[in-house]
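Take a look at the letters that make up each chain.
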Amino acid sequence: MQRPHYSNIPPAHSPPLHHPVPQHVSTVPQLRSPPPPAPQPQQSGYGYPQQQQGAGGGYMQPAFGGFMNDSTAQMGFQVGKSAVMAGQEYVEQNLNRYVSMSVLKHYFNVSNSYVVNKMYLVLFPWRHRPWSRQQRMSSNGQDGYFLPPREDINSPDMYIPVMAFVTYILVSTLIAGLRGAFRPELLGVTATAAFVVVFVEILALKLGCYLLSISNESQLLDLIAYSGYKFIGVIVTLVVSEVVNRGGGAGGWVGWTVFAYTFLANAFFLLRSLKYVLLPEDSPHSAGGAMHTVARSQRTRRTQFLFIYSYIVQLVFMWALSRQETGPKVIRA
Amino acid sequence: MFGLFDFGGLVHVSILLVNAIAILSEDRFLARIGWGNTPSDPGFGGVPDSQSIKAKMVNLIASVRTLMRIPLIGINTAVIIYELLLG
């Protein structure tokens, strides 16, 4: 099981100060069977530059014959390894403080059938009947937790929004490239633009919730997930209009029709889904403390807010995401 | 796409808006138009109205003012230096 090829060190008569040729930098850790025996004068000559690098950075270097026998190099390697481990632990700790991994895992717990059905639902939501998320009362007396997306079609997930986001960036960059308007910054610019759109949208939603005193029981990731579903419609619009218009931009009959359709589908989908998030009508397990009766005017106001959010805000954002950069005009001679 | 979108402009606009909120004077302006931060009236029988949209907006403006006054000094200084250097 030993990798046999480390004995092809450059021959002994190369001067000891030649720069080390990086031979297959493997990522296999250095737990190999003992290296093949190398002749002594090579080893001392070779150990010198290796030792410098081994003690210096401790990065992974394929073990030549005489490398691991050098105690300084080994020590350097150990230092490097412990530094990497400490770094990983530090990163994990800090990451767990901001974003808890188990919560994220719940959002990525999807299955193939869920993904397909959900995408179909986003694009064609009109026939779907029960929109409420299913819950299961947990056993430790607390409030029930929601079923993961694998078992509940109505549960929001993060897999589809993340994939849709990345696909949106790639598709729009591809279309720009087909039109001849590609520049490498376009990738970053599109990504930043989409981030900004999501951020502003969540901000507006949070502001609206605060102003209307809607107690938001669902998490932030739910809202991000819901706002990520519109990328599916935007991608469909972009692809269809590109195919039909053949580079003429997202305008034209077909483009706007598809855009209107996906916009309406997305708005309806959001309306139904967010109804349970934003309009807690008679939640049997609301917090016992602040149970203020929701006045009728407040309810209508909240419904209006939901409508405005679902339709107008989404319209603005979807339009903004569907805009395309015009490439250099082709002048037909 | 948003290739023509100006993020620097967005940042500028937001900084200007927050500045505008921060420099509203509490007693000279807001109390005049009835948006002042009313202290709770002990003689009032019921709970002070903290649920309406107007009360929430007033609360939001007051909290933005108290919270952002100091960081805005730093942000404004940074923007001024940036604009001076880059013209």
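Predicted model, so just to flag it, every value in this text is computed and none were measured.

## Notes on the overall build of chain B
For step 1, the next point in the chain: A tally of regular secondary structure across chain B gives three helices and zero strands.
For step 2, the next point in the chain: Secondary structure elements in chain B, listed N-terminal to C-terminal, are α-α-α.
For step 3, the next point in the chain: Taking all 87 residues of chain B together, 16% fall into the buried category.
For step 4, the next point in the chain: Considering only residue pairs separated by 6 or more positions, chain B has 65% of its internal contacts joining residues 24 or more positions apart.
For step 5, the next point in the chain: Counting every atom, chain B has about 6300 Å² of accessible surface; 70% of that belongs to carbon and sulfur.

## Focus: the overall build of chain A
For step 1, the next point in the chain: Scanning chain A for helices and strands turns up ten helices and two strands.
For step 2, the next point in the chain: For chain A, the succession of helices and strands along the chain, N to C, is α-α-α-α-β-β-α-α-α-α-α-α.
For step 3, the next point in the chain: The buried share among the 333 residues of chain A stands at 40%.
For step 4, the next point in the chain: Long-range pairs, those at least 24 residues apart, make up 74% of the contacts in chain A between residues at least 6 apart in sequence.

## Brief notes about the layout of surface pockets
For step 1, the next point in the chain: Considered as a void within the structure, the second largest pocket measures approximately 620 Å³ in volume.
For step 2, the next point in the chain: Around the second largest pocket, the lining is made up of 17 residues, and of these A:Leu203, B:Ser14, B:Leu17, B:Val18 and B:Ile21 lie nearest the centre.
For step 3, the next point in the chain: Those elements that place two or more of their residues in the lining of the second largest pocket are helix H6 (185–211) of chain A together with helix H1 (7–22) and helix H3 (53–86) of chain B.
For step 4, the next point in the chain: With seven residues, H1(B) is the single largest residue contributor to the lining of the second largest pocket.
For step 5, the next point in the chain: Of the residues assigned to the lining of the second largest pocket, the class counts are 16 nonpolar, one polar and no charged.

## Things to note about the pattern of salt bridges
Residues and elements named next belong to chain A.
For step 1, the next point in the chain: Scanning all chains against the criterion turns up two salt bridges over all chains.
For step 2, the next point in the chain: The partner of Arg183 in a salt bridge is Glu185, and the shortest N-O contact between them spans 3.3 Å.
For step 3, the next point in the chain: You can call Arg183 partly exposed: its relative accessible area is 28%.
For step 4, the next point in the chain: A salt bridge links Glu201 to Lys230, with the nearest nitrogen and oxygen atoms 2.6 Å apart. A residue pair is termed long-range when its members are at least 10 positions apart, and Glu201 in helix H6 and Lys230 in helix H8 (residues 230–245) qualify at 29 residues.

## Some thoughts on the nonpolar core
For step 1, the next point in the chain: Counting 38 residues, the largest nonpolar core has A:Tyr168, A:Tyr229, A:Phe231, A:Phe269 and A:Leu274 as the members making the most contacts within it.
For step 2, the next point in the chain: Among the elements of the structure, helix H4 (112–123), helix H5 (159–179), H6, helix H7 (220–228), H8, helix H9 (252–278) and helix H10 (296–322) of chain A are those that each provide at least two residues to this core.

## Topic: the UniProt feature "transmembrane region" (unreviewed entry) in chain A
For step 1, the next point in the chain: Residues annotated in UniProt with the feature "transmembrane region" (unreviewed entry) correspond here to residues 158–180, 186–208, 220–241, 253–271 and 305–322 of chain A.
For step 2, the next point in the chain: Structurally, residues 158–180 of chain A is divided into 91% helix and 0% strand, and its ends, taken at the C-alpha atoms, are 33 Å apart.

## A short note on H3(B)
For step 1, the next point in the chain: In this model, H3(B) (34 residues) spans only 42 Å end to end at C-alpha, well below the 50 Å of a helix rising 1.5 Å per residue.
For step 2, the next point in the chain: At B:Met68, H3(B) shows its strongest bend, of approximately 50°, with the proline B:Pro71 following within four residues.
For step 3, the next point in the chain: Looking at the buried positions of H3(B), the neighbouring elements they touch are H6 of chain A together with H1 and helix H2 (26–30) of chain B.

## Regarding the confidence of the model for chain B
Residues and elements named next belong to chain B.
For step 1, the next point in the chain: Scored by pLDDT, chain B comes out at a mean of 76, with 75% of its residues at no less than 70.
For step 2, the next point in the chain: Of all helices and strands in chain B, the one with the weakest mean pLDDT is H2 (76), whereas H3 scores best (85).
For step 3, the next point in the chain: In the model output, the complex is listed with pTM 0.63 alongside ipTM 0.72.

## A word on the environment of A:Met119
All names here are of chain A.
For step 1, the next point in the chain: With respect to the helices and strands, Met119 occurs in helix H4.
For step 2, the next point in the chain: Considering only alpha carbons, one finds Met119 and Ile232, 113 residues apart in sequence, at a separation of 7.7 Å.
For step 3, the next point in the chain: Setting aside chain neighbours within four positions, we find Met119 in contact with Ile160 and Ile232.

## With respect to the side chain of B:Asn19
For step 1, the next point in the chain: With respect to the helices and strands, B:Asn19 occurs in helix H1.
For step 2, the next point in the chain: Leaving out residues up to four positions away in the same chain, B:Asn19 has contacts with B:Leu72 and B:Asn76.

## So, the packing of H5(A) against H6(A)
Residues and elements named next belong to chain A.
For step 1, the next point in the chain: In the contact formed by H5 and H6, the axes pass within 10 Å of each other and the chain directions differ by 135°. With respect to H6, the axis of H5 lies oblique. Crossing hand, H5 versus H6: right-handed. Facing H5, whose interface residues are Phe165, Tyr168, Ile169, Ser172, Thr173 and Ala176, H6 presents Leu186, Leu187, Thr190, Ala191, Ala194 and Phe195.
For step 2, the next point in the chain: A class-by-class count of the residues in the contact of H5 with H6 yields nine nonpolar, three polar and no charged.

## Let's talk about the packing of aromatic side chains
All names here are of chain A.
For step 1, the next point in the chain: Evaluation of the coordinates by the stated rule reveals seven aromatic pairs over all chains.
For step 2, the next point in the chain: Geometrically, the ring pair formed by Tyr168 and Phe231 is tilted, given 5.4 Å between the ring centres and 40° between the ring planes. Of this pair, Tyr168 sits in helix H5 while Phe231 is found in helix H8, placing the two residues 63 residues apart along the sequence. With respect to class, Tyr168 is no different from Phe231; both count as buried.
For step 3, the next point in the chain: Summarising the aromatic geometry, the rings of Phe259 and Phe263 are spaced 6.5 Å apart at their centres and angled 15° between planes, so their arrangement reads as stacked. Within this pair, Phe259 and its partner Phe263 are both found in helix H9, separated by four residues, close to a single helical turn.
For step 4, the next point in the chain: Judged by relative accessible area, Phe259 falls into the buried class, the value being 6%.
For step 5, the next point in the chain: Residue classification places Phe263 among the buried residues on the basis of a relative accessible area of 9%.
For step 6, the next point in the chain: Members of the aromatic cluster, joined through ring pairs, are Phe165, Tyr168, Phe195 and Phe231.

Conventions used here
- Along each chain, the written sequence defines residue order, and numbers are assigned to residues from 1.
- Chains and ligands are labelled sequentially in the order written, the chains with letters from A and the ligands with numbers from 1.
- Whole-chain, interface and lining totals are the exception, using all residues; otherwise, since this is a predicted model, local features are given only for residues with pLDDT of at least 70 and side-chain atom pairs are given and counted only at 80 or more.
- Neither water nor hydrogens contribute to the side-chain values; these are computed over all heavy atoms in the structure.
- The secondary structure listing takes helices from DSSP runs of H or I that are at least 4 residues long and strands from runs of E that are at least 2 residues long, numbered from the N terminus.
- Each residue's exposure class comes from its accessible area (1.4 Å probe, protein chains only) as a fraction of the maximum for that residue type: buried when under 20%, exposed when over 50%, partly exposed otherwise.
- Two residues qualify as a contact provided that any one of their heavy atoms is within 4.5 Å of a heavy atom in the partner residue.
- We get accessible surface area from the Shrake-Rupley algorithm with a probe of 1.4 Å; when it comes to residues, only the shown protein chains can shield them.
- A cavity here means a set of 1 Å grid points, computed over protein atoms only, where a 1.4 Å probe fits but cannot escape. A pocket is an open set with protein on both sides within 12 Å along at least 5 of 7 lines, and lining residues have an atom within 4 Å of a point.
- Grid points are joined across faces, edges and corners, and a volume is the space filled by probe spheres set on the points.
- Lys, Arg, Asp and Glu make up the charged group, whereas Ala, Val, Leu, Ile, Met, Phe, Trp, Tyr, Cys and Pro make up the nonpolar group; the residues left over, Gly among them, are polar.
- Put simply, a salt bridge is a Lys or Arg side-chain nitrogen that is within 4 Å of an Asp or Glu carboxyl oxygen.
- The criterion is simple. A nonpolar core is a set of buried Ala, Val, Leu, Ile, Met, Phe, Trp, Tyr and Cys residues joined through side-chain atoms within 4.5 Å.
- UniProt positions are given in the numbering used here, feature names are shortened, and annotations may be inferred rather than shown by experiment.
- How far a helix is expected to stretch is found by multiplying one less than its residue total by 1.5 Å.
- Bend at a given residue is defined as the angle between two axes, one fitted to the seven residues that end at that position and one fitted to the seven that begin there.
- Along the chain, pLDDT gives the predictor's confidence residue by residue, from 0 to 100.
- Note on geometry: axes are lines fitted to C-alpha atoms, helical ones only across the stretch in contact, with angles between N-to-C directions running from 0 to 180 degrees.
- Each angle receives one of four descriptions, namely roughly parallel if under 35 degrees, roughly antiparallel if over 145, roughly perpendicular if within 65 to 115, and oblique otherwise.
- Rotating anticlockwise by less than a right angle from the far helix to the near helix defines a left-handed crossing, while the corresponding clockwise rotation defines a right-handed one.
- Side-chain rings of Phe, Tyr and Trp (the six-membered ring for Trp) are treated as a pair once their centres are within 6.5 Å; stacked means planes under 30 degrees apart, edge-to-face means over 60, and tilted covers the remaining angles.

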